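Chain residues, written in single-letter form:
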Amino acid sequence: MVLLRMVMIVLAVLMAGTARANDNATSDNAANSLLLANGDVRLQKPKGDACIRPTEWMRRNHMDFLQHKRAVTVREGARKRSESLLQCKSCHPSREQFCDRCHDYVGVEPNCFECHIYPE
Amino acid sequence: MTMDRRTVLGMGGAAAVGVLLAPGVQLIAAPPNETAAANAHRWAMLVDITKCNPACTACIDACRKENNIPLFGDPARDIHWIRKVEVQDKERQRPPFTLPVLCNHCEYPPCVHVCPTSASFVRKDGIVLVDEHRCIGCRYCMIACPYKARSLVYFPTKPPKDGNPQVPIRAKGVVEKCTFCVHRVDDGQPPACVETCQQSGHAAMMFGDLNDPQSEISQRVKTLRTETIRPDLGLKPHVHYQGL
Ligand code: SF4
Ligand code: SF4
């Protein structure tokens, strides 16, 4: 029994090791891969000098922020143009290379863009 | 003193929070479109039927363009926020005439009362809206509305080529209707149909605030003989007609 368990553990470690090696290989080989060498998702460089909130905060909270904005805009009528989804594109011109990159990587499918137009 | 964009925007946010937390203590007044809709307003429309040209469809076309409304090519399934109804008045022997019919933004809207998800709601300024994020497409509201103002989106849609980014396109399976061009009203502009009607030279439609006794629409509703469609239902519609 103990032997079997040890074999399983060794196998698992080996498999994890190969998976990691594969990851490294792809990110090294393809210049336009989704990942940077340090494991970060490769995003389009923003154009402006600062986001409407600190970048770290945005990374964690943009979804709740947008959801809250959605509620106050639709239901209360407080339309803050400078913080509208349409304004994101002034710094992040490409949705595919900014929003979608991360969403694809983590496998979430927000349905904002089924209806909202991300301006060209 | 120089400030970068984030500082300035952050101050804007702080001002907005200040307004929300302590009404009355207002440090920096937020621009009109950034404050919540207030019940100080009661938006309404007045249509002068005698000026509405039966051959004209300017309001319908402007509405489609402004609100990215697709045409599916199936009259039974097409979305209409505003449509023209032809009236034959045999009793009074009048020549047939047309009137634009749209959501009346009723004071007591049955569509809102029956909505099981609170997707349909009334804003503080009287505009009745569908929060399409919440709508489940049950269509209770379509049955409840006596003015046939609502449409179900039967088919998936794509953004039109020169679409208006201010207005989302629609998801299949939600119900939608005229919003009084709420995105324009919040910016201090009249709905697209009203603007086009003025520009086309007919000037049959006007839009304004009934809570402001000085506004043109208040004056006209007070002094002229205006009517609403089916006032007997007691919903207090807010699309008023003159010369009906
Ligand atoms: S006209 Fe119909 S959709 Fe518009 S508020 Fe009245 S009941 Fe609701
Ligand atoms: S179709 Fe949508 S808006 Fe209409 S009653 Fe059902 S959930 Fe509410």
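To keep things clear, this report deals only with the structure shown in the data block. Worth saying up front: this structure is predicted, and the values here are computed from it rather than measured.

Calculation rules
- Residues numbered from 1 in each chain as written.
- Chains lettered and ligands numbered in written order.
- Predicted model: local features only at pLDDT ≥ 70, side-chain atom pairs only at ≥ 80, totals over all residues.
- Heavy atoms only, no water.
- Helix = DSSP H or I, 4+ residues; strand = E, 2+ residues; numbered from the N terminus.
- Buried < 20%, exposed > 50% of the residue type's maximum accessible area, 1.4 Å probe, protein only.
- Contact = heavy atoms within 4.5 Å.
- Areas by Shrake-Rupley, 256 points an atom, 1.4 Å probe, with all protein chains shown as cover.
- Near = heavy atom within 4 Å.
- Nonpolar A, V, L, I, M, F, W, Y, C, P; charged D, E, K, R; others polar.
- Core = buried A, V, L, I, M, F, W, Y, C linked by side-chain atoms within 4.5 Å.
- Axes fitted to C-alpha atoms, helices over the stretch in contact; angles between N-to-C directions.
- Parallel < 35°, antiparallel > 145°, perpendicular 65-115°, else oblique.
- Left-handed = near helix turned anticlockwise from the far one by under 90°.
- Disulfide = S-S within 2.5 Å.
- Polar contact = N/O pair within 3.5 Å; in protein donor to acceptor, adjacent residues only side chain to side chain.
- Phe/Tyr/Trp six-rings, centres within 6.5 Å; stacked < 30°, edge-to-face > 60°.
- Buried area = accessible area lost by both parts, 1.4 Å probe.
- Salt bridge = Lys/Arg side-chain N within 4 Å of Asp/Glu carboxyl O.
- Pairing = 2+ DSSP bridges.
- Patch = residues over 30% accessible without salt bridge, like charges linked within 9 Å, V, L, I, M, F, W, Y side chains within 5 Å.

### Observations concerning the overall build of chain B
If you tally the helices and strands in chain B, you get 7 helices and 10 strands. Within chain B, the proportion of its 244 residues that are buried is 44%. For chain B, long-range pairs separated by at least 24 residues make up 60% of all intrachain contacts whose partners lie at least 6 apart in sequence. Carbon and sulfur atoms make up 57% of the accessible area of chain B, which totals about 12,900 Å².

### A word on the site of ligand 2
Ligand 2 sits among 15 residues. The nearest are Cys115, Cys135, Cys138, Arg139 and Cys141 of chain B. Here the residues of the shell around ligand 2 are counted per class, giving 10 nonpolar, 3 polar and 2 charged.

### Remarks on the nonpolar core
Residue and element names in this part refer to chain B. Of all hydrophobic cores here, the largest spans 49 residues; its most connected members are Met45, Ile82, Phe180 and Met205. Per-element tally for this core: the top contributor is strand 3 (residues 97-102), with 4 residues. Residues in contact with Phe180, not counting those within four places in the same chain, are Trp43, Ala44, Met45, Leu102, Cys103, His105, Ile127, Val185, Pro191, Phe207, His238 and Val239.

### Overview of the packing of helix 2 (residues 58-66) of chain B against helix 6 (residues 192-199) of chain B
All names here are of chain B. Running from N to C, helix 2 and helix 6 cross one another at 135°; their axes reach a closest spacing of 8 Å. In terms of orientation, helix 2 lies oblique with respect to helix 6. Handedness of the crossing formed by helix 2 with helix 6: right-handed. In this structure, helix 2 contributes Ala58, Cys59, Ala62 and Glu66 to the contact, and helix 6 contributes Ala192, Cys193 and Thr196. When the residues that make up the contact of helix 2 with helix 6 are grouped by side-chain class, the tally is 5 nonpolar, 1 polar and 1 charged.

### Observations concerning the pairing of strand 3 of chain B
Working note: regular strand, side chains alternate between the two faces of the sheet. Within strand 3 of chain B, 6 of the 6 residues are buried, leaving the element largely enclosed by the surrounding structure. Alternating positions in strand 3 of chain B separate into two faces, Phe97, Leu99 and Val101 of chain B on one and Thr98, Pro100 and Leu102 of chain B on the other, with burial throughout.

### Overview of the state of the cysteines
Overall, the coordinates contain 0 disulfides over all chains when judged by the stated rule. Sulfur of Cys102 of chain A: no disulfide; nearest cysteine sulfur belongs to Cys99 of chain A and is 9.3 Å away. Free of any disulfide, Cys63 of chain B has its nearest neighbouring cysteine sulfur in Cys181 of chain B, separated by 6.3 Å. Note on Cys63 of chain B: relative accessible area 8%, which makes it buried.

### Description of the side chain of Arg220 of chain B
Residue and element names in this part refer to chain B. If you trace the backbone, Arg220 turns up in helix 7 (residues 216-223). Among the polar contacts made by the side chain of Arg220, one reaches the side chain of Gln242 at a distance of 3.3 Å. Other than its neighbours up to four places away in sequence, Arg220 contacts Leu46, Asp48, Met206, Thr226 and Gln242.

### Considerations on the packing of aromatic side chains
Residues and elements named next belong to chain B. Here the structure, examined in full by the defined rule, presents 6 aromatic pairs over all chains. For the ring pair Phe72 and Phe155, a centre distance of 5.0 Å and an interplane angle of 75° mean the geometry is edge-to-face. In this pair, Phe72 is assigned in the loop between helix 2 and strand 2 (82-87) and Phe155 in the loop between strand 6 (151-152) and strand 7 (175-176), connecting sequence segments 83 residues apart. Here Tyr154 and Phe155 contribute two aromatic rings whose centre-to-centre distance is 6.3 Å and whose plane-to-plane angle is 45°, an arrangement assigned as tilted. When its relative accessible area of 28% is taken as the criterion, Tyr154 is described as partly exposed. Among the aromatic residues, those joined into a cluster by ring pairs are Trp43, Phe180 and Phe207.

### So, the environment of Ala149 of chain B
All names here are of chain B. Locating Ala149 in the fold gives a position in the loop between helix 4 (140-144) and strand 6. Given the relative accessible area of 4%, Ala149 is considered buried. Linking Ala149 and Phe180, residues 31 residues apart in sequence, is a C-alpha distance of 12 Å. Apart from the residues within four sequence positions on either side, Ala149 is in contact with His80, Leu102, Cys103, Glu176 and Lys177.

### Structural notes on the interface of chain B and chain A
Listed per partner, the contact involves 33 residues of chain B and 25 residues of chain A. A buried area of about 2,600 Å², summed over both sides, lies between chain B and chain A, and 50% of it is on carbon and sulfur atoms. Connecting chain B to chain A are 3 salt bridges. With a shortest N-O distance of 2.6 Å, Asp187 of chain B and Arg81 of chain A are connected by a salt bridge. Secondary-structure elements contributing two or more residues to the side of chain B that touches chain A are helix 1 (5-21) and helix 5 (182-185) of chain B.

### Points about the sheet that holds strand 1 (residues 43-48) of chain B
All names here are of chain B. The sheet built from 4 strands is open, its strands ordered 8-1-10-9 with mixed pairing. Looking at which strands have only one partner, the edges of the open sheet turn out to be strand 8 (205-209) and strand 9 (226-227). Relative to strand 10 (residues 239-242), strand 9 runs antiparallel, the two being bridged by 2 bridges. Paired with Glu227 across the strands is Tyr241, a residue of strand 10. The strands touched by helix 7 within the sheet are strand 1, strand 8, strand 9 and strand 10, with strand 8 carrying the most contacts at an inclination of about 105°.

### Description of a nonpolar patch on the surface
Taken together, the side chains of Leu34, Tyr105, Val106 and Val108 of chain A present a nonpolar region at the surface, about 350 Å² in accessible area. Taking relative accessible area as the criterion, Leu34 of chain A reaches 31% and is therefore assigned partly exposed.

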